[in-house]
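Coordinate inspection notes
Chain by chain, the residues run as shown.
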Amino acid sequence: MPAMTSTPARWDRASLAPMAPDGRRVPELVQLGPELPDTATLFAFARDAELRFATLRLRLEERAWIAGGETLRVHEILVRHPGTARVTVVRPDRPATTNHDTWLSDGKTVRTYRGWHRLATDRPVRRPPVGLGAPDLPGTSRPYTPLTPLPANSLPDTFVHPAGYCQNVLATGSVAVTGTGTVAGREVILLTCDHPRTIEMAGDRPDHRLQIAFDRETGVLAALVEWFGGMVTRRVEATELAPDAVIPESAFSVAVPGDAGSIY
């Protein structure tokens, strides 16, 4: 089947999830059809990913190739709607007692612990700026508001809440839905994006390419591969993706050593 290429109009509907009569946000698309979707349909489906499950267990392996060699980080994400989430980032190359950073939120308070620095924080959830959803703003200026927030500008946030990534990164390049595949034993839809975020200035990289795998059942991202100059520089792939998983209450806690430092 030929690749489904994008239309010239840039997708800008990250903030436009429909509402049910009782005020709940609901998915615009309950599920995808058997055929490959076009990019606008795929982005709309992915925007509403978190609305298709009550809980989620997701484990990501992030490999990056930098001047110092290959690095590996493991991201373990637990979500329970509305508002409760835990993210643990592990560096397997470090000692077990200091190789992890934990972020935990109940929707009102965010607690963190950084094992390498032995520092904990306990802070109220930061309120978003007022007016971001104003109807007179262009679509590209209105951000997605998550049902259950995750650490801002993080891989877990990108994978579980793909709307902003679709609108602000993928939709800025030349995109094509190229086929299907399998990640973590689940069917995915593959999309490529060439030269995202073109700036047409010195330092622009026309050889920048992304390949994304969208979970066909939920719309959550299942994989992300990034190229520069034909070389893979980062590969992130789900090794576990379990919507509506049974998650015990004890999983939403963080153990902080008694001698750890604490800052506000």
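All figures in this text were calculated on a predicted structure; none of them were measured in a lab.

Now for the overall build of the chain. Summing up its helical and strand segments, the chain has three helices and 13 strands in all. For the C-alpha atoms alone, the extent of the chain along its principal axes is close to 60 × 50 × 40 Å. When each of the 264 residues of the chain is scored for burial, the buried share is 45%. Taking all contacts inside the chain whose residues are at least 6 apart in sequence as the whole, residues at least 24 apart take part in 54%. For the chain, the exposed area adds up to about 13800 Å²; of that, 54% sits on carbon and sulfur atoms. One finds the centroid of the 29 positive side-chain charges in the chain at a distance of 5 Å from the centroid of its 30 negative side-chain charges.

In this section: the pattern of salt bridges. Here the idea is simple: oppositely charged side chains can pair when their charged atoms come close. By the definition in use, this model includes 16 salt bridges. Close ionic contact of R47 with D48 constitutes a salt bridge, the shortest N to O distance being 2.9 Å. You'll find R47 and D48 in the same group, each marked buried. Measuring nitrogen to oxygen at the nearest pair gives 3.9 Å for the salt bridge that ties R57 to E240. In this pair, R57 is assigned in strand β2 (residues 55-66) and E240 in strand β12 (residues 231-243), connecting sequence segments 183 residues apart. Members of the salt-bridge network, linked through shared partners, are R59, E61, R63 and E70.

Once that is clear, we can look at unusual backbone geometry. Of note, the amide linkage connecting H81 to P82 takes the cis form, showing an omega dihedral of -10 degrees. Turning to its location among the elements, P82 is positioned in the loop between β3 (69-80) and β4 (84-90). Unusually for a residue other than glycine, A184 sits at a positive phi of about 55 degrees.

A word on the nonpolar core. Counting 50 residues, the largest nonpolar core has L58, L170, L191, I212 and F214 as its most contacted members. In this structure, L104, A120, A242 and F252 belong to the second largest nonpolar core, which totals 11 residues.

Across all of its chains, the model carries one aromatic pair by this definition. With centroids separated by 5.5 Å and ring planes inclined at 65 degrees, the aromatic side chains of W11 and F43 adopt a geometry described as edge-to-face. Placement of the pair is W11 in the loop between β1 (4-5) and α1 (39-47) and F43 in helix α1, with a sequence separation of 32 residues. A residue is classified by how much of its surface remains accessible, and W11, at 8% relative accessible area, is buried. The ring of F45 carries R52 above its face, with NZ or CZ at 3.7 Å from the centroid. The aromatic ring of W116 is capped on one face by R94, whose charged end is 4.1 Å from the ring centroid.

How each quantity is defined
- Residues numbered from 1 in each chain as written.
- Predicted model: local features only at pLDDT ≥ 70, side-chain atom pairs only at ≥ 80, totals over all residues.
- Heavy atoms only, no water.
- Helix = DSSP H or I, 4+ residues; strand = E, 2+ residues; numbered from the N terminus.
- Buried < 20%, exposed > 50% of the residue type's maximum accessible area, 1.4 Å probe, protein only.
- Contact = heavy atoms within 4.5 Å.
- Areas by Shrake-Rupley, 256 points an atom, 1.4 Å probe, with all protein chains shown as cover.
- Lys, Arg positive; Asp, Glu negative; His and termini not counted.
- Charge placed at Lys NZ, Arg CZ, Asp CG, Glu CD.
- Salt bridge = Lys/Arg side-chain N within 4 Å of Asp/Glu carboxyl O.
- Core = buried A, V, L, I, M, F, W, Y, C linked by side-chain atoms within 4.5 Å.
- Phe/Tyr/Trp six-rings, centres within 6.5 Å; stacked < 30°, edge-to-face > 60°.
- Lys NZ or Arg CZ within 6 Å of the ring centre and 35° of its normal.

Shape is all these values report; function is a separate question.
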